Every structure is written in structure tokens, then in C-alpha cells.
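# Structural overview for review
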Amino acid sequence: MLRRTNCEQEPENCIRDCEGSLPSAGCFDLQVSLLECYEQALASEFACVGQGFGSTVRPRPQICTQERDALIQCEVPRVKACIDVCRGLDEPPPASDELPPPAPDAASCPESPMPCERLCWELDARLGSAPPGAGAEGPADADLAALGEPFIRCAQEGARRCREGLSMAVASEPDVSWTGLFLECAGLPGDLEL
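What you see is a predicted model, and the numbers here were worked out from it, not measured in a lab.

## Quick word on the overall build of the protein
Secondary structure summary: the protein contains seven helices and two strands in total. When the helices and strands of the protein are placed in sequence order, the string is α-α-β-β-α-α-α-α-α. Out of the 194 residues belonging to the protein, those deemed buried represent 37%. For the protein, restricting intrachain contacts to residue pairs at least 6 apart in sequence, the fraction spanning at least 24 positions comes to 63%. Carbon and sulfur atoms provide 52% of the accessible area of the protein, an area that totals close to 11,100 Å².

Set out below in C-alpha cells:
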């Protein structure tokens, strides 16, 4: 499937590798449903990620959510559990009349919705294997919901502090992102690509 957007290259695929790879037999029909949903989506529902030749096309988070959630639940339930916790913790931003006026040089602060899928996939890639000190547990045993909840709460607090103009480590950046806050909370380097 090829979805044309304003990318600098011709993407050969518009979905995550894991969505395009061969699923387990029990999840095959769910993958077919997801890919059919993507094929029916408008090209404007896809966006470029990255810059230059390395840019790729990804579906926007709001399309094919049910189909994607069903496939993730079937193939990687630990990631789906993390996504569910993140979505449950995500709160709409306060009404503009409840916020103090931004400082003239204030950074752009992240707003809801949080990119829960992206954050949980990154958490799975980094912490889905046995957590430090967990012994012989493997990736399937990692409780990403429990591991991710403190990072998600910390990122939410960072966003709140940003909106209130309070100091934080990433506030020196012109734009504060959910990714930057999440990585800071998880103690991971800020130059990782999610």
C-alpha cells in the first residue's frame, strides 16, 4: 500500500514494520482488517515522520484505532495494557480561562491527547525485556502498564508545570514535547527517535 504525502522520498510502506509483518495465525484476520482500514483512509490521514531521505509515512493516531487496538491486543497484550493505562491517565487540557497567561518567552507545551501508542511501543522496545534485577523474566513477562504508569504520570506533571511556566529540565527547549518529557522521566537520552 502506498499513501502519497509530502515526503521527500517514495515510501514503500505507510505502516509500522510490526503492522506489516506476518502476524501469528490467531491474529491474521485482525491484521487484514487493519490493512483494509488503512487502504480506505484518505492520504491526508497519513503524515511524514522524520526528515529528508529517512522520512517515512505513518498513519495519524486517530485513524483505524479500533482495528489497531484489536491487533495490538492480540499480538502484544503487554503493549495494549500500557496504552490502556496511558489513555486512562490522559486528561484533556484545562480550559484556557483556568490557565495563567503564558510568559512571552514561554516554551510551547504539550497538550492532550498523549501519544500513548508511540510512548508504549518505545517503552516496550526499551523495557519490555526483563527489567533490571528481574532475573530470568522475558519480554512477555514485563508489565508495561506498571512500568509505564510512573513515567506517564511524570510526563503529565511536566506538561502541567510547562503550562504553568514552572522550571523543568526540558524547558530550555523552544518546544516541549510529550516525547521529551517521557524520555526525561524514564531517564533515557532526549535524542531518541520515537
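## Some words on the packing of aromatic side chains
Each aromatic ring pair is described using two quantities: the centre-to-centre distance and the angle formed by the ring planes. Scanning all chains against the criterion turns up two aromatic pairs. For the ring pair Y38 and F46, a centre distance of 6.0 Å and an interplane angle of 70° mean the geometry is edge-to-face. The same class applies to Y38 and to F46, which are both buried. Plain terms: the ring middles of F151 and F182 are 6.1 Å apart, the flat faces sit at 90° to each other, and that makes the pair edge-to-face.

## Some words on the nonpolar core
For soluble globular proteins, the rule of thumb is that nonpolar side chains tend to be buried together. Grouped together as the largest cluster of nonpolar side chains are 25 residues, with contacts concentrated most on V79 and M114. Those elements that place two or more of their residues in this core are α4 (77-89), α5 (116-127), α6 (144-163) and α7 (178-186). Among residues more than four places away in sequence, those in contact with M114 are C86, D90, L119, I152, A155, Q156 and W178. Formed by 10 residues, the second largest nonpolar core is a distinct cluster that contains L34, C37, Y38 and V57.

## With respect to the environment of L71
You can see L71 is positioned in helix α3 (residues 65-75). When residues no more than four places from it in sequence are discounted, the contact partners of L71 are C27, L30, Q31, L34 and V76.

## Some points on the pattern of salt bridges
Taken as a whole and judged by the stated rule, the model has eight salt bridges. The shortest N-O distance in the salt bridge between K80 and D84 comes to 2.5 Å. You can see K80 and its partner D84 sitting in helix α4, four residues apart, about one turn around the helix. Judged by relative accessible area, K80 falls into the buried class, the value being 10%. Exposure remark for D84: the relative accessible area of 37% places this residue in the partly exposed category. If you follow the salt bridges from partner to partner, you end up with R68, D69, R87 and E117 in one network.

Thresholds applied
- Residues numbered from 1 in each chain as written.
- Predicted model: local features only at pLDDT ≥ 70, side-chain atom pairs only at ≥ 80, totals over all residues.
- Heavy atoms only, no water.
- Helix = DSSP H or I, 4+ residues; strand = E, 2+ residues; numbered from the N terminus.
- Buried < 20%, exposed > 50% of the residue type's maximum accessible area, 1.4 Å probe, protein only.
- Contact = heavy atoms within 4.5 Å.
- Areas by Shrake-Rupley, 256 points an atom, 1.4 Å probe, with all protein chains shown as cover.
- Phe/Tyr/Trp six-rings, centres within 6.5 Å; stacked < 30°, edge-to-face > 60°.
- Core = buried A, V, L, I, M, F, W, Y, C linked by side-chain atoms within 4.5 Å.
- Salt bridge = Lys/Arg side-chain N within 4 Å of Asp/Glu carboxyl O.

Any link to function would need more than the numbers given here.
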